[in-house]
Amino acid sequence: GRIAWRLSRRDRRRSLEHLAVAFPELAASARLGLARGSFEHYGTMLAEAFWLRHRDREALSSIVTLEGWEHVEAARVVRRPVLILTGHCGNWEILAAALNARGLGMAVIARELADPGLQEMLLALRERFGTRTIVRGTPGAARVLLSTLRSGGALGMLIDQDTRVDGVFVPFFGRPAYTPVGAAELAQRFDAAVLPVFIERLADGTHRGRIEPALALPDDPTAATALMTARIEAQIRRVPEQWVWLHRRWRRAPESNSGSRSI
């Protein structure tokens, strides 16, 4: 991560620009520290991924604690499907593994990576702990997604990036950000229990996952997406160095049709 910080000028610049949008009240030196910390976080995530490839569920449980499992059980008692709402906070791959090692049986929606070798490694890592990947845009993906919720299963979705899917503009650190709306629409269609779930790396190298109570979503999908995004923002503010600041979160703006651009 430290090497990437020194060599990747573009991503370093973007991270600092985005941190200036999110935390204008911080001194430049403080934002610089957060940006460096986020690169170190990426490097640590890579090391953790290689470590996890050769470990079992017992080893995983030795480094992860999960709080709030009762909220999963509450949804299961009334046989509601579960939508795990999260973002690229902490080590989200360890979070998925820990949830399924506990017995959630969650599938996740993810885009296909450009590198076939990396894609194969990542899918194998997830499957090792029982996480099935629904690759967005592939044949049958929509059918599997719908059947997962229709059967009362669990689905994990990350909605904190500007991606090529249907979306709406909602506030994110005080600026409109194009955000996937599918999670809100699916939750409303299937009356799913939307559980915000986040993980963060602690100072001793272990991880703490936190399952929050189910959200009371408004009927309007845009308002529901805004509520979901607010929960993700709250987690990022808790541990800002453990989020992907190099991502162009404000790439599009509502007025972009008139020719304006955002960072």
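Rules used throughout
Residues numbered from 1 in each chain as written. Predicted model: local features only at pLDDT ≥ 70, side-chain atom pairs only at ≥ 80, totals over all residues. Heavy atoms only, no water. Helix = DSSP H or I, 4+ residues; strand = E, 2+ residues; numbered from the N terminus. Rg over C-alpha atoms; globule rule 2.2 N^0.38 Å. Buried < 20%, exposed > 50% of the residue type's maximum accessible area, 1.4 Å probe, protein only. Areas by Shrake-Rupley, 256 points an atom, 1.4 Å probe, with all protein chains shown as cover. 1 Å grid on protein atoms, 1.4 Å probe; cavity = no way out; pocket = protein on both sides within 12 Å on 5 of 7 lines; lining within 4 Å. Points joined across faces, edges and corners; volume = space filled by probe spheres on them. Nonpolar A, V, L, I, M, F, W, Y, C, P; charged D, E, K, R; others polar. Polar contact = N/O pair within 3.5 Å; in protein donor to acceptor, adjacent residues only side chain to side chain. pLDDT = per-residue confidence, 0-100. Contact = heavy atoms within 4.5 Å. Phe/Tyr/Trp six-rings, centres within 6.5 Å; stacked < 30°, edge-to-face > 60°. Lys NZ or Arg CZ within 6 Å of the ring centre and 35° of its normal. Core = buried A, V, L, I, M, F, W, Y, C linked by side-chain atoms within 4.5 Å. Salt bridge = Lys/Arg side-chain N within 4 Å of Asp/Glu carboxyl O.

1. Examining the overall build of the protein
Moving on, step 1. Scanning the protein for helices and strands turns up ten helices and nine strands.
Moving on, step 2. What you see for the protein is a C-alpha radius of gyration of 18 Å, in line with the 18 Å of a compact globule of 263 residues.
Moving on, step 3. In terms of overall dimensions, the protein has a C-alpha envelope of 50 × 45 × 35 Å along the principal axes.
Moving on, step 4. When each of the 263 residues of the protein is scored for burial, the buried share is 48%.
Moving on, step 5. Split by element, the accessible area of the protein, about 12,900 Å² in all, is 52% carbon and sulfur.

2. Comments concerning the layout of surface pockets
Moving on, step 1. Of the volumes computed, that of the second largest pocket is approximately 180 Å³.
Moving on, step 2. Residue lining of the second largest pocket: Arg10, Asp11, Arg14, Asp162, Thr163, Arg164, Leu246, His247, Arg248 and Arg251, and that is the complete set.
Moving on, step 3. Of the residues that constitute the lining of the second largest pocket, the class distribution is one nonpolar, two polar and seven charged.

3. A few points about the side chain of Thr148
Moving on, step 1. Within the secondary structure layout, Thr148 lies in helix α8 (residues 141-150).
Moving on, step 2. The buried category is assigned to Thr148, whose relative accessible area is 6%.
Moving on, step 3. A polar side-chain atom of Thr148 sits 3.2 Å from a polar atom in the side chain of Arg132.

4. Considerations on the confidence of the model for the protein
Moving on, step 1. Averaged over every residue, the pLDDT of the protein is 94; residues scoring 70 or more account for 97%.
Moving on, step 2. The low-confidence segment residues 257-262, where pLDDT is below 50, has seven contacts with residues more than four positions distant or belonging to other chains.

5. Looking at the packing of aromatic side chains
Moving on, step 1. All told, the structure shown has ten aromatic pairs when counted by the stated rule.
Moving on, step 2. When the centroid spacing of 4.8 Å and the interplanar angle of 80 degrees are considered together, the rings of Trp243 and Trp245 count as edge-to-face.
Moving on, step 3. On the accessibility criterion, Trp245 (0% relative accessible area) is buried.
Moving on, step 4. Ring pairs connect the aromatic residues Phe23, Phe172, Phe173, Trp243, Trp245 and Trp250, which therefore count as one cluster.
Moving on, step 5. Residue placement shows Arg252 over the ring face of Tyr178; its charged tip is 3.9 Å from the ring centre.

6. So, the nonpolar core
Moving on, step 1. Of all hydrophobic cores here, the largest spans 44 residues; its most connected members are Leu83, Leu155 and Leu186.
Moving on, step 2. Counting residues in hydrophobic clusters, the runner-up holds 28 residues, among them Ala96, Met106, Phe129 and Ile199.

7. A closer look at the side chain of Thr225
Moving on, step 1. In this fold, Thr225 is placed in helix α10 (residues 221-238).
Moving on, step 2. Its relative accessible area of 0% is what places Thr225 among the buried residues.
Moving on, step 3. When sequence neighbours within four positions are dropped, the list of residues in contact with Thr225 reads Val168, Val170, Thr179, Pro180, Val181 and Ala184.

8. Thoughts on the pattern of salt bridges
Moving on, step 1. Within this structure, the stated rule accounts for 14 salt bridges.
Moving on, step 2. Across the salt bridge formed by Arg238 and Glu200, the nearest N and O atoms sit 3.0 Å from each other. With Arg238 in helix α10 and Glu200 in strand β8 (residues 193-201), this pair connects stretches of sequence that are 38 residues apart.
Moving on, step 3. Judged by relative accessible area, Arg238 falls into the partly exposed class, the value being 45%.
Moving on, step 4. You can call Glu200 buried: its relative accessible area is 7%.

9. Focus: empty space enclosed by the protein
Moving on, step 1. With the rule as written, the count across this model stands at one cavity of 30 Å³ or more.
Moving on, step 2. Approximately 40 Å³ is the volume attributed to the largest cavity.
Moving on, step 3. Around the largest cavity, the lining residues are Leu52, Glu93, Ala96, Ala97, Leu125, Arg126, Phe129 and Thr131.
Moving on, step 4. Considering every element that reaches the lining of the largest cavity, the biggest residue donor is helix α6 (residues 92-101), with three residues.
Moving on, step 5. Within the lining of the largest cavity, the residues separate by chemical class into five nonpolar, one polar and two charged.

10. A few points about α6
Moving on, step 1. Burial of α6 is extensive: nine of the ten residues sit out of reach of the surface.
Moving on, step 2. Taken together, the buried positions of α6 are Trp92, Glu93, Ile94, Leu95, Ala96, Ala97, Ala98, Leu99 and Asn100.
Moving on, step 3. Among the residues of α6, the N-terminal cap falls to Asn91, whose side-chain oxygen and the backbone nitrogen of Glu93 are separated by 3.2 Å.
Moving on, step 4. Following α6 by one or two positions, Gly103 adopts a phi angle in the positive range, close to 110 degrees.

11. Topic: the environment of Arg31
Moving on, step 1. Assignment of secondary structure puts Arg31 in helix α3 (residues 28-52).
Moving on, step 2. Given the relative accessible area of 16%, Arg31 is considered buried.
Moving on, step 3. Residues Arg31 and Leu145 lie 114 residues apart in sequence; the distance between their C-alpha atoms is 39 Å.
Moving on, step 4. Beyond its immediate stretch of four places on either side in the chain, Arg31 contacts Leu16, Leu19, Ala20, Phe23, Pro24 and Leu26.

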